[in-house]
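Below, each chain spelled out in residue letters.
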Amino acid sequence: MKEKIHNWLHDLGVALGLIEPPLQPVPIRTDDDQRRPRRR
């Protein structure tokens, strides 16, 4: 129960801009065209 309240308060703080959200890793896009040989 205590963890639920803590998570709710943290989410509220992030929504109000009081707490910065944790940074998510940015996915690196790979070009599949270069990796796979094209079929003709």
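To be clear, the structure that these remarks concern was listed above.
Residues numbered from 1 in each chain as written. Predicted model: local features only at pLDDT ≥ 70, side-chain atom pairs only at ≥ 80, totals over all residues. Heavy atoms only, no water.

Caption draft 1: Local environment of the overall build of the chain. Within the chain, the secondary structure is distributed over two helices and zero strands. When each of the 40 residues of the chain is scored for burial, the buried share is 2%. Accessible area of the chain: about 4,900 Å², with a carbon and sulfur share of 55%. (Helix = DSSP H or I, 4+ residues; strand = E, 2+ residues; numbered from the N terminus. Buried < 20%, exposed > 50% of the residue type's maximum accessible area, 1.4 Å probe, protein only. Areas by Shrake-Rupley, 256 points an atom, 1.4 Å probe, with all protein chains shown as cover.)

Caption draft 2: Expanded view of a nonpolar patch on the surface. Taken together, the side chains of Met1, Ile5, Trp8, Leu9, Leu12, Leu16, Leu18 and Ile19 present a nonpolar region at the surface, about 910 Å² in accessible area. Summarising the element assignment, Leu12 is placed in helix H1 (residues 2-16). (Patch = residues over 30% accessible without salt bridge, like charges linked within 9 Å, V, L, I, M, F, W, Y side chains within 5 Å. Salt bridge = Lys/Arg side-chain N within 4 Å of Asp/Glu carboxyl O.)

Any functional reading would require information beyond the geometric quantities listed.
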